[in-house]
Structures are given as structure tokens and as C-alpha cells.
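Take a look at the letters that make up each chain.
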Amino acid sequence: MFAHFDFGEIVRSLPYLFYTGMTFTLLLTALATFIGIVVGTLLALMRLSGISFLTVPAAAYVNLMRSVPFVLMIFWFYFLVPYIGQWVTFSAQPLQVGAFASSLVTFSLFEAAFFCEIMRAGIQSIPRGQVAAAQALGMTYPMVMGYVVLPQAFRNMVPVLLTQTIVLFQDTSLVYVISVTDFLGAASKVAERDGRLVEMYTFAACVYFVISFAASRAVQVLQRRTAIIR
Amino acid sequence: MNYHWNWSIFWELSPDGTHTYFATLMLGTAWTLITSACAFTIALVFGSIVGVLRTTPYSWAMRLGSLYVDVFRNVPLLVQMFLWYFVLPELLPQALGDWLKQLSDASFYTAVVALGLYMSARIAEQIRAGILSLPRGQRLASLALGMTLPQAYAYVLLPMTYRILLPPLTSELLNTIKNSAVALTIGLMELTARARAMQEFSFQVFEAFTAATIIYIVINMLVTFAMRMVERRLTIPGYLGFKAPAVGH
Amino acid sequence: MSAMIDIAGLSKWYGATQVLKDCSAAIATAEVVVVCGPSGSGKSTLLKCVNGLEPFQQGRISVDGVSVGDPKTNLPRLRARIGMVFQHFELFPHLSVRRNLTLPQIKVLRRSADEANAKALRLLERVGLSAYADKFPGELSGGQQQRVAIARSLAMDPIAMLFDEPTSALDPEMIQEVLDVMVGLARDGMTMIVVTHEMGFARKVAHRVVFMDKGEIVENAPTADFFENPGSERARLFLSKILQH
């Protein structure tokens, strides 16, 4: 059954798959994780603020993102981002944004909802006495959060945040639905051009597996090590 | 915004000539629900088996179980769908492969299998965590009463585990419903695909996606509500719930 | 002379339950007051009202002439001048001992790093922990952590110190080392409110004892009077229970 398996096809397309495809995938993963954590932390602070005009919209946003398929959200943003761009820049026409910018906005804003819940759990895991002690020392709210609560919350949540990043890495493959050339997009373009679906999709699966598997093992090791320190 | 809203589009005839756009969305909803229900059943069965394997005292079973989980968790769902849909028929003997390719509703069967096995790895993790969260004495007490290991699982450990796991399993069910949208890539005409088709033919992008979004939210609320009723009926007095870490979609 | 800390007609509710009932007390500069009473009597809540960690609904508290309940009061600035020591120490576990002492000085009081560091080392010396400056809180015993926490408060040059059951989370053999530091502080003329069950400490350094029960201040008497001739049945009962050991 592997008689017709053409390894040469894979070798020939390696530069395209990795320079074009994997670069896009990894860059998107890294930037979306970074922006997602920043926005997610802000959302978490809003949800925990106890001020209803902050908690209500933040909770609504998070719950919306969590109850709708990611694929549907990708479509939403694909059509919305030009209009958001128009609105932000006051231009007369919907803004033409590139595939990367559009994907980045989508993933950052979608993942922010998930990072929000992780950071919220992290913040809530910090004993209330820590906040009281920081306040008793005269710290203002931004200082309490910035120097005492968030550093600890972030540290406690590093393994979970990294695990979510691995999920995000796998999810980037979904940009396939808006025909963007990420790693899977590149593989599928070669596959269809040359009629080599078996080779390309099998190879893509192996690459995703190796990266995700290695990364999740690394997270486990990290988790075990931090568990000992604490 | 220079976008022309037209909410009456839902009552216009879709290009298939028989259904209104609204009806096509309802059809899509039905496919979403059927696919998710079948996939979740598979996920529960396989997830339970693998989850149990990982808590048995046999090292071969633990290793087999963790291999299964690693494989299905570390490849994106979309890629797994492609493997089942495009690659599997080519690897089978010619006749079988051809039969698979010509199957009507092939994308449905593929989606059910791919989604079911993908979700089963996550459910296996939940089941394992649930079983391990039970006091060790439960297993020992069952064995001390003369039960065999399978009996201990069937009558003592699993009934308790499923009850504890109802909340996390509810969210896995919701995840299954959401993830079923990925099947549009292999041609399943579920809800998101219908919304996408409606957008392509009618150019009413935001109406189509708004409708789909609302339907997903309603499904979400109904499932959550139903599971809460189940939870209430099955609660055991004096036993606290178990909270699994929330990661993923 | 007006009181350093003046509590007048203080009442506080959690929802419908009243946890403080019309409490009044005045603490003069350099005075040491011990607050005692059964658990749940509102001692800790009263203490936390003094630096505004707990809001209150009725009454007035002023510290050094600044009203705590006034919405216009800059609470962080006021708290920076009042030291507080907690039952569970509440050192910041992600910062070294030295950083625990310098960070609030630098960020809140805007001291230079050098100045903050010099002050930190001086105070660690005073509580006998100079050797631990670069350890993390998790590596210290409970008694050591509490001494660091006291040093951290002192680094802010407080005009008064609040102690919220500073020894009740400690193993018995560590209580004395913490009390010794507190006795030293009292002898140096620090204004102190100490919520504690350590009656030996109260006898030794407190000028007055406040006894609370069910959210009320039942007694507020000079130390000797309180121990020899408690004015209320409730205080007598409490003392007989606690002094048996």
C-alpha cells in the first residue's frame, strides 16, 4: 500500500512547506499567543473588577467566543476585519488587509477569551491576604496587580498557558478555510497541484505531531520541576 | 459602514430551488446535531476504554492508552479529518477504498469517526483524572469484597467517575458540537457550512453569520441546561464535584 | 493632645449581619493597646478598618488627623504610613526577602534603590535575619517569615503598627522570637494595636487592653485593671478560659 508513496515529492516541496508555510504558522502562533495573553489578562482584570460596566461586557465577550465554533469565528473576522479597519482609520472604503493581519486579529481576539479564563483562575488562586498585605504597604491597585498578583498568577499558570499555546498552534491549521498558506495550506496546495494527497497530508500530520508532542512533553517536564520548587 | 443590511433574506429561496435560506440553516443545524451526537457517542465509548486502560495496574495497558492519547491529541483535528477522508481510502485495498470513496454521505461518516476519535482522547484524559481522583480505598474495598478488576470498574469506580465528571463531560460535549464545524472542510453541509454557502450566494455576510452564531448559542444553552438537570438528578448527597483543568476548545 | 488613632461610633455590616457595633476607642502616640476576645468577636475586622482594608458603614476613624472613611482620602498614601502585620505573614513568595523589603520602599515611597537596600539590611539586622536577605520566603521558618514581615512594615517608617494575630499561625517554639521583636518595638515608643491571645505579652508591654465580644467593645481598661479586676462577666469568663493554660 505504500508502493506508490513518493518521498521525493515531500523532499522537493520542503523549502516551500517550511519557508512559506511553517514560518507563517509559527509566527502566527507566537504573536497570537502574546497578544492573546495581554488582551486576555485585561479581560480577566475586567471580569474580576466588580464594576458591572466592565464585568458584563467582558463576560459576554468571553462567553460568546467560547460558545461558537472557531471556524465560524474565522469567517466572521475574515469579513469583519476590513470594516473594523475602515472604522479605525476613518477611511471611505473597507480596508484591504492581508491574510496574515486578518488571521492575527482573529486568533488574538479569539484566544484572548481562553487566556482570560486561565488568567482569571490564576489571579483567583492568589490568597486574598497577598492583596491585603500589598494594600497595607500603601500600594495602589495597579501596583498591587503589577508587582504582587499578576507575577504570581502568571507563574502559577505557565504550564496551562503553554498547553493552550500548543492547542493554538494546532488551531492555526484552520486558516485553511480562508485559503491562507500556513503549513497545512502549503501542504494542501502542493497536494492538489501534484495530486499527491497521501504523501502531503501524511507528512503534515507527522510534522504537527512531532512539534506538538515534543512541546507538550517539555511542558510536563517544566511542570514537574516548578512543582518541586513550590 | 457601506453595507446593505437585508434581514428578510432568510425568507428568500436559496439556490437549491426548494428551501428558503432559513430552511437551509435548519437543515445545517440538524446535521450539526446528528454528527455531534454520533461523534460524542464514539468519543465516550473509546474515551472510557482508553481512560480505564490508563488506570489499570498493567504497564502495557497504560502505555497503549497514553500512546493513543498522544497520537490523537497532537495532530490538529483538521489534519485528522483529511487523513480519514483523503488518505485512508488510498491506503486500503483498491476495492474497499473505491467503495469508501463512492459512499454517499461519506463526509458524514468520516466526520463522525474523525471527530469521535479526536474527542475520545480528551475524554480519556478526563476519565483517567476522574478515576484517579477517587479515594484509593474504593478500589481496594471492591477487590477485598471479592470483585474482579472489571467488576470493580463496572460497579464501583466508573459509576462514581461519570457522576463526578458530568460538568467536564458537558463541556466536552459542547466542544464536540463546536468542533463539528471543522467537517465543512470535507464537505459536510453542517450549520457553519450552510451559513458560509448562504453568504456566498446572497452576499449577506453578516446576516448569515449572525444567524449561525445565535443558533450555536441557543444549542449551547439548551445542552448546558439539560446537563444541569441530569446532574441534579444524579447527584450523590455529601459528595463534592471534581473540577478538571480547563484547557482547549 | 489628640489621639494618634481615633475610632468613634464605628459600625459595620456584612449584608444583614452586623459585625461591629458602635465601637469607640482612642490610641495615643506611643501607646500600646492589645485587643483580645473570643474568635469571631470582630477584633480583626476592627483592625482592618483602621487602615481601610475593610470598608465600614457608620462612624469615624481618623489616623494622625486623616479620616479613613472619607472618599477623598488617598488610602494608599495613608496605608503607606501605617504598618500592618498579618496572621499568615503574607510575604510575597515570588520575591526574595530583600526584594520584599525594598520593592514597597522604591515603588510606594519612591526611595532610591541604594537607600531602600541600606534600610532593608539595617532592619533585617534588627530582627536578626541579615543572613537571609537573599533567600526566598518559602525557605524560611514561620517565625523567621513573621520577623521579615515586621521588618518589611518598619521599612516604610510607619507612624503606627497594626498586628493581626501575629503569632497564632506559628508553631509554639517560634512564638517567642516574634514577641521579642514586638516587645523591642513597644519599648522604642511605637504606637501599636495588637490583636492577640498572648496575655503574657499584654501584661508585659500593653498600656491598655480592649476586650471585644460579638462586635462590641466590652472593656477598654488599663492593663493592670483589666487583669486584676475585669469589669464585665464576659471578660472574666474569657480570661478564666484563656489563662488556664
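First, a word on what this report is: a plain description of the structure on this page. Remember, predicted model here, so these are calculated numbers, not experimental data. (Residues numbered from 1 in each chain as written. Chains lettered and ligands numbered in written order. Predicted model: local features only at pLDDT ≥ 70, side-chain atom pairs only at ≥ 80, totals over all residues. Heavy atoms only, no water.)

1. Brief notes about the overall build of chain B
So the rule is basically this: Secondary structure elements follow DSSP: runs of H or I of four or more residues count as helices, runs of E of two or more count as strands, with numbering from the N terminus. Throughout this description, buried means an accessible area under 20% of the type-specific maximum (1.4 Å probe, protein chains only), exposed means over 50%, and partly exposed covers the range between. Between two residues, a contact is recorded if the distance between any of their heavy atoms is within 4.5 Å. What sets the accessible areas is the Shrake-Rupley method with a 1.4 Å probe; for residues, cover comes only from the shown protein chains. In this tally, Lys and Arg are treated as positive and Asp and Glu as negative; His is ignored, and so are the chain termini. Just so you know, the charge point we use is NZ for Lys, CZ for Arg, CG for Asp and CD for Glu.
Each helix and strand in chain B was counted, giving 10 helices and zero strands. Ordered by position from the N terminus, the helices and strands of chain B form the series α-α-α-α-α-α-α-α-α-α. In terms of overall dimensions, chain B has C-alpha extents of about 70 × 50 × 30 Å along its principal axes. Here chain B holds 249 residues, and the buried ones make up 50% of them. Sequence-distant contacts in chain B: of pairs separated by 6 or more residues, those separated by 24 or more amount to 74%. Just so you have it, chain B exposes about 12200 Å², and 68% of that area is on carbon and sulfur atoms. Counting 16 positive and 12 negative side-chain charges, chain B places the averaged centre of each group 18 Å from the other.

2. Thoughts on the overall build of chain C
Our working definition: For the radius of gyration, the atom set is restricted to C-alpha positions; the globular benchmark scales as 2.2 Å times the number of residues to the power 0.38.
Along its length, chain C carries nine helices and 10 strands. In summary, chain C has a C-alpha radius of gyration of 18 Å against a globular reference of 18 Å for 245 residues, a match within 12%. Per-residue burial for chain C yields a buried fraction of 55% across its 245 residues. Counting every atom, chain C has about 10600 Å² of accessible surface; 49% of that belongs to carbon and sulfur. Of the side-chain charges in chain C, 28 are positive and 27 negative, and the distance between the mean point of each set is 5 Å.

3. Describing the interface of chain A and chain C
Here is the rule: Summed over both partners, the accessible surface that disappears when two parts come together, traced with a 1.4 Å probe, is what is meant by buried area. What counts as a salt bridge is simple: a side-chain nitrogen of Lys or Arg found within 4 Å of a carboxyl oxygen of Asp or Glu. N or O atoms closer than or at 3.5 Å make up a polar contact, with two conditions inside protein: a donor-capable atom paired with an acceptor-capable one, and, for residues adjacent in sequence, both atoms drawn from side chains. Classification used: nonpolar for Ala, Val, Leu, Ile, Met, Phe, Trp, Tyr, Cys and Pro, charged for Asp, Glu, Lys and Arg, polar for all others including Gly.
Listed per partner, the contact involves 17 residues of chain A and 19 residues of chain C. Between chain A and chain C the total buried area reaches about 1600 Å² when both faces are included, carbon and sulfur atoms providing 69% of it. A per-residue breakdown of the area chain A buries against chain C is headed by Ala136, Leu137 and Tyr147 of chain A, which together make up 35% of the total. There are zero salt bridges connecting chain A and chain C. Joining chain A to chain C, the criterion identifies four residue pairs in polar contact (both at pLDDT 80 or more). If you list the elements that add at least two residues to the side of chain A that touches chain C, you get α5 (128-136) and α6 (141-171) of chain A. With seven residues, the top contributor of residues to the side of chain A that touches chain C is α5 of chain A. Here the residues of the side of chain A that touches chain C sort into 10 nonpolar, six polar and one charged.

4. Examining the environment of Leu179 of chain C
All names here are of chain C. The residue Leu179 is located in helix α6 (residues 172-187) in this model. Between the C-alpha atom of Leu179 and that of Gly200, which follows or precedes it by 21 residues, the distance is 9.8 Å. Those residues in contact with Leu179 that sit more than four places away from it in its chain are Thr167, Glu198 and Phe201.

5. With respect to the sheet that holds strand β1 (residues 5-14) of chain C
Residue and element names in this part refer to chain C. Our working rule: Two strands qualify as a pair provided that DSSP identifies no fewer than 2 bridges between them.
One open sheet holds the four strands; their spatial order is β2-β1-β4-β5, and the pairing between them is antiparallel. The strands lining the two open edges of the sheet, one partner per strand, are β2 (17-27) and β5 (66-67). Where β1 and strand β4 (residues 58-63) come together, five bridges link them in antiparallel fashion. Each residue of the ladder has a partner; that of Asp6, found in β4, is Ser62.

6. Regarding helix α4 (residues 99-124) of chain A
Just so we agree on the cut-off: Each residue after the first adds 1.5 Å to the expected span of a helix. The angle between axes fitted to the seven-residue stretch ending at a residue and the seven-residue stretch beginning at it gives the bend at that residue.
Its 26 residues give α4 of chain A an end-to-end C-alpha distance of 37 Å, which sits within 8% of 38 Å, the value for a rise of 1.5 Å per residue. The largest bend in α4 of chain A amounts to roughly 30° and is located at Ala112 of chain A.

7. Description of the arrangement of the chains
Among the two pairs of chains that make contact, the interface with the largest number of contacts is formed by chains A and B. These two, chain B and chain C, are apart from each other, with no contact and a minimum C-alpha gap of 23 Å.

8. Some points on the nonpolar core
Selection criterion: Note on terminology: a nonpolar core comprises buried Ala, Val, Leu, Ile, Met, Phe, Trp, Tyr and Cys residues joined through side-chain atoms within 4.5 Å.
Of all hydrophobic cores here, the largest spans 170 residues; its most connected members are Met139 and Leu184 of chain A, Met81 and Phe209 of chain B together with Ile5 and Leu10 of chain C. Residues within four places of Leu184 of chain A in sequence aside, it is in contact with Ser173, Tyr176, Tyr201, Ala204 and Tyr208 of chain A together with Leu78, Val79 and Phe82 of chain B. Ranked by size, the runner-up nonpolar core spans 50 residues in total, among them Phe89, Val97, Met174 and Phe226 of chain C.

9. Regarding the pairing of β1 of chain C
Residues and elements named next belong to chain C. The pairing of β1 with β2 spans seven bridges and is classified as antiparallel. Bridge pairing in β2 places Ile7 opposite Ala25. Connecting β1 to the antiparallel partner β2 that follows it, the hairpin turn spans two residues, and Gly15 within it adopts a positive phi of roughly 60°.

10. Focus on the interface of chain B and chain A
The interface of chain B with chain A comprises 38 residues on the first partner and 44 residues on the second. Regarding the contact of chain B and chain A, the summed buried area is about 3700 Å², with carbon and sulfur atoms giving 74% of it. Here chain B and chain A share one salt bridge between them. Between Arg217 of chain A and Asp70 of chain B there is a salt bridge; the shortest N-O distance is 3.1 Å. Counting across the chain B and chain A interface gives six residue pairs in polar contact (both at pLDDT 80 or more). Mapped onto the side of chain B that touches chain A, the elements with two or more residues apiece are α2 (59-73), α3 (77-91), α9 (191-202) and α10 (205-234) of chain B. Ranked by residue count, the leading element in the side of chain B that touches chain A is α10 of chain B, at nine residues. Counted by class, the side of chain B that touches chain A contains 23 nonpolar, 10 polar and five charged residues.

11. Here we look at unusual backbone geometry
Among all residues except glycine, the phi angle is most often negative; among peptide bonds, the trans geometry is most common. Unlike most non-glycine residues, Asp64 of chain C shows phi in positive territory, near 50°. Looking at the element boundaries, Asp64 of chain C is found in the loop between β4 and β5.

12. Re the pattern of salt bridges
Residues and elements named next belong to chain B. Inspection of every chain in the model, using the stated rule, returns 26 salt bridges over all chains. The residue Arg122 makes a salt bridge to Glu172 at a minimum N-O spacing of 3.2 Å. Taken as a pair, Arg122 in helix α5 (residues 106-133) and Glu172 in helix α8 (residues 166-179) lie far apart in primary sequence, 50 residues in all. By the burial criterion, Arg122 is buried, and Glu172 matches it. Salt bridges here are not isolated pairs; linked through shared partners, they connect Arg54, Arg73, Glu125 and Arg128.

13. Topic: the sheet that holds strand β6 (residues 82-85) of chain C
Residue and element names in this part refer to chain C. Rules: The axes are straight lines fitted to the C-alpha atoms, using for helices just the contacting stretch, and the angles between their N-to-C directions are given from 0 to 180°.
Taken together, the six strands give an open sheet; going across it, the order is β6-β7-β8-β3-β9-β10, and neighbouring strands pair in mixed fashion. Of all the strands in the sheet, just β6 and β10 (216-222) have a single pairing partner and so form its edges. Each strand axis lies, on average, 15° off the axis of its neighbour in the sheet, ignoring direction. Direction of pairing for strand β9 (residues 208-213) relative to β10: antiparallel, over a ladder of six bridges. Looking at β10, one finds that Met212 is bridged to Ile217. Of the strands in this sheet, β6 and β7 (160-164) are in contact with helix α5 (residues 142-154), which crosses β6 at around 170°.

Function cannot be inferred from these measures alone, as they are strictly geometric.
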